[in-house]
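# Tertiary structure, described
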Amino acid sequence: MSAKPAITASEPDNYYGYRSFHIGGFAFRRDEYFVHVAWPKGNHTLSAEVFLRALQRDVAWNFFYGTVNFDGVFGTLNHYGTVDMFAGRFNDAYVKAGLDYSETFAAGPLMASFKTILDDWTNRGYDPFAAPEETARPYGRKNGENRAAIERLRVTAERMVGLPGDTPRRSDTNGYPVNRHFADVPQDEPEIHPEPGFEGEVSAFSLFAYLSRSDVTWNPSVCSVVKESLYCPTSEEFILPVEHGNDRVEWFMQLSDEIIWEVKHKDTGAPRARVVMKAGDICAMPADIRHQGFSAKRSMLLVWENNSAQIPDLIASGKAPVVPVRF
Amino acid sequence: MSDVKTIFGSLQSFHKGGVEVIDDDPRNYVFSNVFDVAAKAKAFERIAVGKNFEYVVECVRAEGTSPWYTCAHDEFALVLDGKVEIRLFKPDRALLAPDRSGAVALTERPTGRAMGRILAGRGHLALLPKNALYQFHAEAPSVMTIQTIQGPLTIERWAEICQTA
Ligand SMILES: [Fe+2]
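Fair warning: this is a prediction, and the values are worked out from it, not measured in the lab. (Residues numbered from 1 in each chain as written. Chains lettered and ligands numbered in written order. Predicted model: local features only at pLDDT ≥ 70, side-chain atom pairs only at ≥ 80, totals over all residues. Heavy atoms only, no water.)

## Focus: the pairing of strand β7 (residues 74-78) of chain A
Residues and elements named next belong to chain A. Quick reminder of the rule: Burial classes: relative accessible area under 20% of the type maximum marks a residue as buried, over 50% as exposed, and values in between as partly exposed (1.4 Å probe, protein chains only). Numbering goes from the N terminus for both helices and strands, where a helix is a DSSP run of H or I of at least four residues and a strand is a run of E of at least two. Strands were regarded as paired on the criterion that DSSP finds at least two bridges between them.
Within β7, five of the five residues are buried, which leaves it mostly tucked inside the rest of the structure. The two faces of β7 match: Phe74, Thr76 and Asn78 on one face and Gly75 and Leu77 on the other face are all buried. Relative to β7, strand β6 (residues 67-69) is paired through three bridges, and the arrangement is antiparallel. In the strand pairing of β7, asparagine 69 is matched with glycine 75. Hairpin geometry of β6 and β7 is characterised by an intervening segment of four residues between the two adjacent antiparallel strands. Alignment of β7 against strand β8 (residues 82-87), held across five bridges, turns out to be antiparallel. Note on β8: the bridge partner recorded for asparagine 78 is valine 83. Counting the residues in the hairpin turn of β7 and β8 gives three residues, including tyrosine 80, whose phi is positive at 55°.

Here it is, written out as structure tokens:
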């Protein structure tokens, strides 16, 4: 693991106004349109939008499950305590050419470093969580900051949204108006008739109304919990900012509208399938793929995860299959 | 006035997507559709449409009145079409060992107290609290899913419900 300080920052560039950063063997700089990543064996360029939208998810999800590919070259791999930052590691051509590179960091300092970059490179009015139609553009020279957007906390219910003491429901009054793409979604809530003494235990809420009021995209949030089984519904519009290579099987249930998934081999990036999901469709994403979703209209997606800490080793060692069911 | 149209599925109207293979086996995706499964199901069969180790998502066609069930852990019912009444009842003592997985159906209701009821419509997510008894009632055919752990009532019929080619 790298013993070096996690991050060093330059003074702001005289022209662009952005700082440059070093984290271990990696160097990062941005200009008006692009982010440039360098490592001891290579260089890579991404659009600032792709980089910031992906970086925002990696930060908000605390490196998430498994691999977060910002694109086909750069990303992170979570070992839950340590995190690998890599370039070309899951790209067949880079590996064959010997240009791939990976470095392991303690999760805490790397997270702090990522937050520093995200803060410096996110301008006033640009929200990396928002759909492109709902936010300013990320490009141009440095212009202020948007901490209110990038420091949002991920919602994680302990038992279920709406229970006493748990994550609250969303409403106009607590700052969550209905999204423009969900203007037609009924806002009726279930009728609850508890007997005296059971007010806190007889509980239900409208998940569809809740999701219609989400102010972010591609940000799965825990809404109900059965031991390690987590319902993480989310509202989706435009493109999932990362190619997610999970270290376990995850499941999708499409609750509304449609998402198209591009599925590639997790290690090589070779295309494997295109999965079209319409309302009511449910399917698994195997543990040996990476996936990226496209949602033309804002849609409601139920992401279902098994949070058990044992699974990554079971799958990596071949003791558990990469698919959930054989038939 | 907005002209946006959000599309939800129902027993009467659903459209399935699917897996378009490039270099893969569609079975790897265990792809089904809850309305399609419910349309072909008997009332209150608990058919697994998702499975991840011991955890399952069951699809249920709610029609008429179900047996009483109990479960040693929380479960969550999500209504996706129609209207379902959920009746909750607290038995005088827990009926299952605390480490028991999945729901169990009861032949008769033991002594205890009514906890209340929930009238849930499309998109509503309801807690089925651990160790409570619960019963579903639907006047018209309705569809829900249950987030739970695989148990004696969980039916697996993957080859019948999933895309295979
Ligand atoms: Fe994912």
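## Focus: the pattern of salt bridges
All names here are of chain A. As a reminder of what qualifies: When a carboxyl oxygen of Asp or Glu is within 4 Å of a side-chain nitrogen of Lys or Arg, the pair counts as a salt bridge.
Inspection of the entire model under this criterion finds 32 salt bridges over all chains. With a shortest N-O distance of 2.7 Å, arginine 152 and aspartate 127 are connected by a salt bridge. Residue arginine 152 is found in the loop between α4 (147-150) and β10 (191-194), and its partner aspartate 127 is found in the loop between α3 (107-121) and α4; the two are separated by 25 residues along the sequence. For arginine 152, a relative accessible area of 24% translates into the label partly exposed. You can call aspartate 127 buried: its relative accessible area is 10%. In this structure, the salt-bridge partner of arginine 272 is aspartate 288, at a minimum N-O distance of 3.2 Å.

## Observations concerning the pairing of strand β9 (residues 112-120) of chain B
Bridge analysis of β10(A) against β9(B) gives four bridges, and the strand direction is antiparallel. Looking at the pairing, His193(A) lines up with Arg117(B) of β9(B).

## Concerning the domain arrangement of chain A
Residue and element names in this part refer to chain A. Using the following cut-off: Bear in mind that the domain bounds are from an automatic or database domain assignment. We call two residues contacting when some pair of their heavy atoms lies within 4.5 Å. When two components associate, each loses some accessible surface as probed by a 1.4 Å sphere; the sum of these losses over both components is called the buried area. We call two N or O atoms a polar contact when they sit within 3.5 Å, provided that within protein one can donate a hydrogen and the other can accept it, with sequence-adjacent residues counted only if both atoms are side-chain atoms. When residues are grouped by polarity, Ala, Val, Leu, Ile, Met, Phe, Trp, Tyr, Cys and Pro land in nonpolar, Asp, Glu, Lys and Arg in charged, and all others, Gly among them, in polar.
Once the domains are mapped, chain A shows domain 1 (8-150) and domain 2 (172-215 + 217-316). Averaged C-alpha coordinates put domain 1 and domain 2 at centres separated by 25 Å. Opposite the 28 residues of domain 1 that make contact, domain 2 presents 28 residues. Here domain 1 and domain 2 share an interface that buries about 2100 Å² over both sides, 49% of which is from carbon and sulfur atoms. At the surface where domain 1 touches domain 2, the tally comes to two salt bridges. The closest approach of N and O atoms between arginine 298 and glutamate 134, which form a salt bridge, is 3.2 Å. If you look at where domain 1 meets domain 2, you find 17 residue pairs in polar contact (both at pLDDT 80 or more). Within the residue set of the side of domain 1 that touches domain 2, elements represented by two or more residues are α1 (48-60) and β6. Of all the elements, α1 adds the most residues to the side of domain 1 that touches domain 2, at six residues. Taken together, the residues that form the side of domain 1 that touches domain 2 break down as 14 nonpolar, six polar and eight charged.

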